[in-house]
Amino acid sequence: MPTRPTPEDAAANVAEVDAARRAVDTAHRRNVPIMLAATSVLTFLDFAAKDEITGPRRRMVASAVIQAALLGLSLLDVRGSQVVPYAPGDGPQPALAGKIAGVGLGWYAAERVAVHLIRRSRLTRPNTVAGLVLAVSRPAGYLAVTRMLPRAGRDA
């Protein structure tokens, strides 16, 4: 027959869970800037390569290698952090989901319009400029969307 935990045991268990939550949150906060910087650099290189490499096959190979590196970084990030630092919801939150979807879709549409307008401009290296814009806007958009999510260490 299981025994009932004492208040001291319960307090120790809660403290252990809080310490683990803080450790996961700290690791996540340490990894995010590195991942965002790497993603920014690779995004810029992907677009800049389109201006620098003349052959379509070489351009396609360079883009494929960079896209594979981006995918690899994403998979490493997911594999390296097995614990999700976001708090589970109390139930469905359609207003929050709609807000996050609206921000994400608006960000994506703004990026597409900016890239389209830059490529239509008379710049000598439009893809390089577009890469610079995306290298800044993608991390900013990521941060804007993830700030909207309830964090286990911050909100719980």
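Refer to the structure above for everything that follows.
The notes below deal with the structure included here.

Rules of the game
- Just so you know, the residues in each chain are numbered from 1, in the order the chain's sequence is written.
- Per-residue local features of the predicted model are confined to residues with pLDDT of at least 70, and side-chain atom pairs are confined, for both listing and counting, to 80 or more; whole-chain, interface and lining totals are unaffected and use all residues.
- Excluded from the side-chain calculations are hydrogens and water; all other atoms, namely the structure's heavy atoms, are used.
- A run of H or I in DSSP counts as a helix once it spans at least four residues, and a run of E counts as a strand once it spans at least two, with each numbered from the N terminus.
- For every residue, the accessible area obtained with a 1.4 Å probe (protein chains only) is divided by the maximum for its type, and the residue is called buried under 20%, exposed over 50%, and partly exposed between those limits.
- Should any heavy atoms of two residues lie within 4.5 Å, those residues are considered in contact.
- Here, a salt bridge means any side-chain nitrogen of Lys or Arg that lies within 4 Å of a carboxyl oxygen of Asp or Glu.

**So, the environment of alanine 62**
Relative to the helices and strands, alanine 62 is located in helix H2 (residues 56-80). A relative accessible area of 19% places alanine 62 in the buried class. Along the primary structure alanine 62 and alanine 49 are separated by 13 residues, whereas in three dimensions their C-alpha atoms are 7.2 Å apart. Residues contacting alanine 62, with those up to four places away along its chain left out, are Ala49 and Ile53.

**Points about the pattern of salt bridges**
By the definition in use, this model includes 2 salt bridges. The closest approach of N and O atoms between glutamate 52 and arginine 125, which form a salt bridge, is 2.4 Å. Of this pair, glutamate 52 sits in helix H1 (residues 7-52) while arginine 125 sits in the loop between helix H3 (94-120) and helix H4 (126-148), and the two are 73 residues apart along the sequence. Looking at arginine 125, the relative accessible area reads 38%, which means it is partly exposed. Where arginine 138 meets glutamate 111, a salt bridge forms, and the shortest distance between an N and an O atom there is 3.3 Å. You can see arginine 138 sitting in helix H4 and its partner glutamate 111 sitting in helix H3, a full 27 residues away along the chain. The class for arginine 138 is partly exposed, based on a relative accessible area of 28%.

**Structural notes on the side chain of asparagine 127**
Examined against the element boundaries, asparagine 127 turns out to sit in helix H4. Setting aside anything within four residues of it in sequence, one finds asparagine 127 in contact with Phe47, Ala48, Lys50, Asp51 and Arg119.

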